[in-house]
Amino acid sequence: MKSYYIIIFFIILVAPLFCSAENFDKTEQYWINAQIQIEEGNLLTAAELIENAIVEEQYNRSEPRADILVGLSNRVGSLYFQTGLYDKAIENYEKALKIGETFNREDISSVNLGNIGGVYFQWGKYEKAIKSYTASLEINRKSFEINKTSEEAFGISVTLSNIGLVHYKLGQYAKAIDSYNEALKISKKFGFEANIANLLDNMGLVYSRQGQYKKAIENFEKSLSINKKIGKEASVAIAHNNIGTVYMSVGQYKQAIENFEKALQIDSRLGRKANIATDLSNIAGAYKSQGQYEKAINNFEKALEIDKKLGIDSSVAVHYDNIGEVFKFYGKYDKAIQNYEKAL
C-alpha cells in the first residue's frame, strides 16, 4: 500500500519576475521564451533559456537586479528538480543563496537553504537535508525574535515540518514527533490550517509506522476534517488513502476499500491520473488480501494501463509483478510467469 507524506518547499521569492509590458531587454526576452517552453513541456530547454537570462542579467547589465537574479536562479533550480537533475538544482539554489548573502538578504538565504534541503531530501541525502533545513530554521528563528511576523512564523513551522519528515525517513520517530509537535503548536497559534492538516497527516504516518494505529487514524481523520473545511480536495484524497492504508495494516479490508474508493472518486474528479493509478492499485491490494482475485486483477490492470500511458515505468513494473502474484495465488502459473517476466 502506498501512503503519502507531505513536504513543503520551493517558495519562489520573486513570482512576477517582470512587470513591464514593453521595452523588454534580453533578460526578459529569454524569460518569455522559457515560459513558452514550459507550457509546451520542454523543461530542460526552458532551464537553458533561463540560464541565458541569468548570464545576460549578471554580466551584460550595468546594474544587475538582485531580486531578478534570485528569481531566475530559483526557477532554474525548480526545473532541474522536476527533471531529476538534483545536482544542477542544488547548483542554482546555491547561486541564489550566495546572492542573498552578498546583499545581506536573510529572507533570500532562508528560502534557498530550505529549497536546498528539499532537493537533498528527494535525493535521499538526509543528513545534508537536515543541515540545510537547520540553517534555514536558525535564520527564521532569529528574524522572528525581532519582527514577530506571521510569514516568519510560517517559515519556522514549515521548516520544522520538513525536519520532522527527514527524521521519519531516517527511522528517528521520536525526533520526528517532537519536530511535528513544535510546528503544530506554532501553526495552531497563527491559524495556519492547511499546515496543521499537513502536520497531522505526517504525524499519522509516524504513528502508523510505530504500530500505533489508533493514534494514526485519529490524526488522519483530524487532517481530513480540516481539509474538507478549507476545500483542499487533493489533501482530502491523501487522508483517505492514508486511513485506508492503516485499515489494511490491521486487516479491516472493507474499511480500507471504502477509503481508497473515496480517494479514487476525488482524484478522478480532479483528473489526477497518477494518483488514480495509485488508488486503483491500493483497492486491488485490498481485494487480493481478501482473496477476491478477479477484482484484484481488474483494478491492477486499470492502474497498469494508466501508468503505461503516463510512461511511469517503475509503477508499470510493480503492477505486472502484482498481477503475476495474484495469478500465482489463483494457480494460473503460466499467466503468473508472463507477468513476472514483463516486470523485469
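Note that the structure is a prediction, hence the values are computed from the model and not measured.

## Section: the packing of aromatic side chains
So, point 1. Enumeration according to the criterion identifies 11 aromatic pairs in this entry.
So, point 2. Their ring planes at 50° and their centres at 5.8 Å tell us that Tyr 86 and Trp 123 sit as a pair that is tilted. You can see Tyr 86 sitting in helix α4 (residues 86-102) and its partner Trp 123 sitting in helix α5 (residues 106-123), a full 37 residues away along the chain.
So, point 3. In this structure Trp 123 comes out as partly exposed when scored by relative accessible area, which is 33%.
So, point 4. Feature note: the residues Phe 81, Tyr 86, Tyr 120 and Trp 123 constitute an aromatic cluster, connected by ring pairs.

## Let's talk about the confidence of the model for the protein chain
So, point 1. Taken residue by residue, the protein chain gives an average pLDDT of 90. The fraction at 70 or more is 93%.
So, point 2. The low-confidence segment residues 9-16 (pLDDT under 50) makes 21 contacts with residues lying over four places distant or belonging to another chain.
So, point 3. Note that residues 19-23 has pLDDT below 50 and, in this model, 1 contact with residues that lie over four places away or in other chains.

## Quick word on helix α13 (residues 273-290)
So, point 1. Taking 1.5 Å of rise per residue, 18 residues should cover 26 Å, and α13 covers 26 Å from first to last C-alpha, within 8% of that figure.
So, point 2. Along α13, 14 of the 18 residues are buried, which leaves the element largely enclosed by surrounding structure.
So, point 3. Positive phi shows up at Gly 291, right after α13, with a value of about 80°.

## Some details on the nonpolar core
So, point 1. Ile 50, Leu 72, Leu 79, Val 119, Tyr 168, Tyr 180 and Val 206 are the most contacted members of the largest nonpolar core, which totals 99 residues.
So, point 2. It is helix α3 (residues 66-82) that provides the largest number of residues to this core, a total of 9 residues.
So, point 3. Once residues lying within four places of it in the same chain are set aside, the contact partners of Tyr 180 are Ser 161, Gly 164, Leu 165, Tyr 168, Leu 199, Asn 202, Met 203 and Val 206.

## Remarks on the packing of α5 against helix α6 (residues 126-147)
So, point 1. Where α5 meets α6, the closest approach of the two axes is 8 Å, and the angle between their N-to-C directions is 160°. With respect to α6, the element α5 is oriented roughly antiparallel. The handedness of the crossing between α5 and α6 comes out as left-handed. Residues Glu 106, Ser 109, Ser 110, Leu 113, Gly 114, Ile 116, Gly 117, Gly 118, Tyr 120 and Phe 121 of α5 form the contact with α6, whose participating residues are Tyr 126, Lys 128, Ala 129, Ser 132, Tyr 133, Ala 135, Ser 136, Ile 139, Asn 140 and Lys 142.

## Some details on the pattern of salt bridges
So, point 1. By the definition in use, this model includes 12 salt bridges.
So, point 2. Among the salt bridges present, the one from Glu 57 reaches Arg 65, with a minimum N-O distance of 2.8 Å.

Each value, and the rule that gives it
Residues numbered from 1 in each chain as written. Predicted model: local features only at pLDDT ≥ 70, side-chain atom pairs only at ≥ 80, totals over all residues. Heavy atoms only, no water. Phe/Tyr/Trp six-rings, centres within 6.5 Å; stacked < 30°, edge-to-face > 60°. Helix = DSSP H or I, 4+ residues; strand = E, 2+ residues; numbered from the N terminus. Buried < 20%, exposed > 50% of the residue type's maximum accessible area, 1.4 Å probe, protein only. pLDDT = per-residue confidence, 0-100. Contact = heavy atoms within 4.5 Å. Expected span 1.5 Å × (residues − 1). Core = buried A, V, L, I, M, F, W, Y, C linked by side-chain atoms within 4.5 Å. Axes fitted to C-alpha atoms, helices over the stretch in contact; angles between N-to-C directions. Parallel < 35°, antiparallel > 145°, perpendicular 65-115°, else oblique. Left-handed = near helix turned anticlockwise from the far one by under 90°. Salt bridge = Lys/Arg side-chain N within 4 Å of Asp/Glu carboxyl O.

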